[in-house]
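Summary of the model geometry
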Amino acid sequence: MNTSDKRELICISCPLGCQLSVDVSDGKPVSVSGNQCKRGIVYAESEILNPRRILTTTIRIKGGVVSQLPVRTKEPISKDLMMQAMRELRKYEVNAPVELGEVIVSDLLGTGVDVIASRTVVKAE
Ligand code: SF4
């Protein structure tokens, strides 16, 4: 059976935030309207077929002025991997000091995306 649907999205590819209307058939985008440039089409297609997000969380840090280090993926990863990625990151513990932007985990779950520190944490005195 052929299923059709209409999805409303806000394009987040630039600050203009165009409201997109996407016709979806059998889970695939067939037409996009409301976009003011081609990036809106690329965004809508990606959002329907393989939505991706930046993952932000914390991991344990030893010997620092705080006990949790805020981290994030350097690039967006598939939303389908979010729970698995959170479970994986719970296994990690790093030692202070850590610099803002330092790679904490390389190639998270084989995605090719690194996890980096979102802040600097100095050693506790
Ligand atoms: S469709 Fe183009 S102009 Fe509109 S928000 Fe997306 S990138 Fe910006």
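Just so we're clear, the structure is a prediction, and the values are computed from it rather than from any experiment.

**Structural notes on the sheet that holds strand 2 (residues 19-25)**
The 3 strands lie next to each other as 1-2-3, forming an open sheet whose pairing is antiparallel. On the outer flanks of this sheet lie strand 1 (4-10) and strand 3 (28-33), each paired with one strand and no other. The sheet shows a mean angle of 30 degrees between the axes of neighbouring strands, direction not considered. Note that strand 1 and strand 2 share 7 bridges and pair antiparallel. In the sheet register, Arg 7 faces strand 2, and the bridge partner there is Val 22. Where helix 1 (residues 38-49) meets the sheet, it contacts strand 1, strand 2 and strand 3, and its direction lies at approximately 150 degrees from that of strand 3.

**Considering the pairing of strand 6 (residues 68-73)**
What you see with strand 6 is a clean split: Leu 69, Val 71 and Thr 73 sit on the buried side and Gln 68, Pro 70 and Arg 72 on the side with no burial. Strand direction decides the pairing type here: strand 5 (residues 56-62) and strand 6, joined by 5 bridges, are antiparallel. Pairing of Arg 60 across the sheet is with Gln 68, part of strand 6. The hairpin formed by strand 5 and strand 6 contains 5 residues between the paired strands, and Gly 63 there has a positive phi angle of roughly 75 degrees. Of the pairings in the sheet, the one linking strand 6 to strand 10 (residues 115-117) comprises 3 bridges and is antiparallel in character. The residue of strand 10 that forms the bridge with Thr 73 is Val 115.

**A few points about the site of the ligand**
In the vicinity of the ligand, the contacting residues are Cys 11, Ser 13, Cys 14, Leu 16, Gly 17, Cys 18, Asn 35, Gln 36, Cys 37, Arg 39, Gly 40 and Tyr 43. Partitioning the shell around the ligand into residue classes produces 6 nonpolar, 5 polar and 1 charged.

**Brief notes about the environment of Pro 51**
With respect to the helices and strands, Pro 51 occurs in the loop between helix 1 and strand 4 (52-53). Pro 51 sits in the exposed class, given 12 other C-beta atoms within 10 Å. Considered as a pair, Pro 51 and Pro 76 are 25 residues apart in the sequence and their alpha carbons are 9.1 Å apart.

**Observations regarding the sheet that holds strand 8 (residues 93-95)**
The 5 strands lie next to each other as 8-5-6-10-9, forming an open sheet whose pairing is mixed. The open sheet has two edge strands, strand 8 and strand 9 (103-105), and neither has a second partner. Averaged over all pairs of adjacent strands, the angle between strand axes in this sheet comes to 45 degrees, irrespective of strand direction. Pairing geometry for strand 9 and strand 10, over 2 bridges, is antiparallel.

**Some thoughts on the environment of Leu 109**
Relative to the assigned elements, Leu 109 resides in the loop between strand 9 and strand 10. When the C-alpha positions of Leu 109 and Val 122 are compared, they lie 28 Å apart, and in sequence the two are 13 residues distant. The contact partners of Leu 109, leaving out residues within four places of it in the chain, are Leu 81, Gln 84, Ala 85 and Glu 88.

Criteria and cut-off values
Residues take numbers from 1 onward in each chain, read along the sequence in its written order. Where local features are concerned, this predicted model is filtered to residues with pLDDT of at least 70; where side-chain atom pairs are given and counted, the filter is 80 or more; whole-chain, interface and lining totals use all residues. When DSSP locates at least two bridges between a pair of strands, those strands are taken to pair. Elements are defined by DSSP. Helices are runs of H or I of four residues or more, strands are runs of E of two residues or more, and each kind is numbered from the N terminus. A fitted line through C-alpha atoms serves as each axis, taken over the contacting stretch for helices, and the angle formed by two N-to-C directions is quoted from 0 to 180°. We call two residues in contact whenever the C-beta atoms placed from their backbones are within 7 Å. Labels follow a simple rule on C-beta atoms placed from the backbone: if 20 or more others lie within 10 Å of a residue's own, it is buried; if 12 or fewer, it is exposed; otherwise it is partly exposed. Placing the C-beta atom from the backbone, one calls a residue near a molecule or strand if that atom lies within 6 Å of it. Note that Gly is not counted as nonpolar here; it falls among the polar residues with everything else outside the nonpolar set of Ala, Val, Leu, Ile, Met, Phe, Trp, Tyr, Cys and Pro and the charged set of Asp, Glu, Lys and Arg.

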